[in-house]
Amino acid sequence: MNYITKSVSMLCAALCSYNISSVACTGISLTAKDGSYIQARTIENADTKLPSEYVIIPRGHRIVSYTPEAKNGLSFTAKYGVVGLCVVQKEFIAEGINEEGLSTGLFFFPSYGSYKPYDAKKANISIGDLQLNSWMLTQFATVDEVIEAVTKGIIRVVGLDKSAVVHYRIGDKSGRQVVLEFVNGVPHFYENSVGVITNAPGFEWHLTNLNNYVNLFSGSAPMQTLGKQELKPIGGNSGFLGLPGDATPPSRFVRAAFFCNTAPQMPDGFSTVTQSFHILNNFDIPIGIEHKADEIPDLPSATQWTSAIDLTNRKVYYKTAYNNNIRCIDLSSIDFEKVKFQWHPLDREEMQPIETIEIKQ
């Protein structure tokens with residue numbers, strides 16, 4: 001078995017072992033008063049631990065895409081340095097940013113998206129869907145540049161796992177954000193007017209579905225009478241009565257849209273990053289709610305990690321289910337001309353550090 005064949009065999013085994021199609025995610029975005037633009041997200045797998053790493057890609061690094069067969073796909077060289085958060089293996093950036101402030105993320109999109117069938121004769125322009133983020137981040141500086149390249153058809157996106165399809169969130173430091181979906185292999189870009197993304201159905205469907213919640217508003221509902229019966233709110237936030245609370249993608253999209261678009265604007269990038277983590281705490285999926293009682297896996301949470309990327313100040317923040325301490329990678333501290341290609345686990349140890357408070361006697 002040659003190296004390429006072995007690599008693809010290992011890839012297929014990895015994807016099957018980790019049931020990548022069961023991954024779910026919630027994405028939000030916020031802008032600070034000083035203009036700092038933040039894109040944040042969760043990533044879930046309710047079935048098993050999802051191996052996750054951060055990767056540093058230097059300028060000049062050569063990348064060769066996987067294809068569904070044991071053949072080399074698209075080959076490209078990094079024009080920009082990248083920091084990415086990966087799932088399953090180091091080649092699959094789920095969320096990342098480059099040194100120019102372009103950020104991309106993939107979100108699973110089962111049943112509604114689809115790619116063109118893989119054509120071995122076009123392997124040299126084919127790129128695996130789980131590696132499209134690497135291509136966009138290493139090649140482009142703005143949303144417009146990505147749209148132009150993808151719509152020209154200079155690449156052919158192919159699925160690496162037949163059971164999974166993804167769509168993408170793409171933003172740049174200007175604060176612009178678009179969603180990219182492939183249907184029958186045709187790319188569709190949508191301006192993200194609410195700054196939120198989850199999973200299936202399609203993005204336009206989610207925007208239409210928000211109309212079902214036109215009655216919701218922040219604050220408390222006014223007191224009123226029903227016949228001779230006086231009705232008044234039982235507690236705070238009665239204006240959100242009817243907000244869906246389950247973990248399905250449509251319900252998460254609605255909650256995220258209302259939470260983000262009613263949140264107060266914070267003064268700067270760091271305070272907005274902190275705010276995004278607080279908002280996304282509401283989207284942690286407790287282990288067990290997606291399983292029968294005798295099928296619950298040994299995981300602390302289905303939400304395996306949460307990240308926030310400051311596109312303006314070029315910083316990546318993350319925390320995990322095993323360690324809720326927020327860690328930061330500052331791209332300004334990296335010389336992408338000299339740094340070596342490298343990858344490291346998100347958690348050095350799968351243990352939450354505990355600070356013991358000493359009480360003076």
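The sections below set out a description of the structure shown in this document. (Residues numbered from 1 in each chain as written. Predicted model: local features only at pLDDT ≥ 70, side-chain atom pairs only at ≥ 80, totals over all residues. Heavy atoms only, no water.)

1. A few points about the packing of aromatic side chains
Aromatic ring pairs are defined here through the distance separating the ring centres and the angle between the ring planes.
Here comes step 1: One pass over the structure, following the stated rule, counts eleven aromatic pairs.
Here comes step 2: Plain terms: the ring middles of Phe 240 and Phe 259 are 6.5 Å apart, the flat faces sit at 25° to each other, and that makes the pair stacked. Residue Phe 240 is located in the loop between β16 (229-231) and α5 (249-262), and its partner Phe 259 is located in helix α5; the two are separated by 19 residues in the primary sequence.
Here comes step 3: Under the relative-accessibility criterion, Phe 240 is labelled buried at 9%.
Here comes step 4: Pairwise contacts between aromatic rings join Phe 240, Phe 258, Phe 259 and Phe 283 into one cluster. (Phe/Tyr/Trp six-rings, centres within 6.5 Å; stacked < 30°, edge-to-face > 60°. Helix = DSSP H or I, 4+ residues; strand = E, 2+ residues; numbered from the N terminus. Buried < 20%, exposed > 50% of the residue type's maximum accessible area, 1.4 Å probe, protein only.)

2. Examining the pattern of salt bridges
Here comes step 1: Tallied over the entire structure, the rule returns ten salt bridges.
Here comes step 2: Among the ionic pairs, Glu 191 bridges to Arg 176, the shortest N-O distance being 2.5 Å. Separated by 15 residues along the polypeptide, Glu 191 in strand β14 (residues 186-191) and Arg 176 in the loop between β12 (166-171) and β13 (177-183) bring together distant segments of the chain.
Here comes step 3: According to the relative accessible area criterion, Glu 191 is partly exposed, its value standing at 47%. (Salt bridge = Lys/Arg side-chain N within 4 Å of Asp/Glu carboxyl O.)

3. Things to note about the sheet that holds β13
Here comes step 1: Ordered by their spatial adjacency, eight strands build an open sheet running β14-β13-β12-β9-β8-β7-β4-β20, and the pairing between neighbours is antiparallel. Of all the strands in the sheet, just β14 and β20 (342-345) have a single pairing partner and so form its edges. The average angle at which neighbouring strand axes cross in this sheet is 20°, direction not considered.
Here comes step 2: Sheet analysis places strand β7 (residues 82-87) next to strand β8 (residues 93-98), joined by five bridges and oriented antiparallel. Paired with Gly 84 across the bridge in β8 is Gly 96.
Here comes step 3: The sheet contacts of helix α2 (residues 132-139) involve β4 (52-57), β7, β8, β9 (103-108), β12 and β13, and relative to β8 the element is tilted by about 0°.
Here comes step 4: Relative to β14, helix α3 (residues 143-151) is tilted by about 155°, and along the sheet it contacts β12, β13 and β14. (Pairing = 2+ DSSP bridges. Axes fitted to C-alpha atoms, helices over the stretch in contact; angles between N-to-C directions. Contact = heavy atoms within 4.5 Å.)

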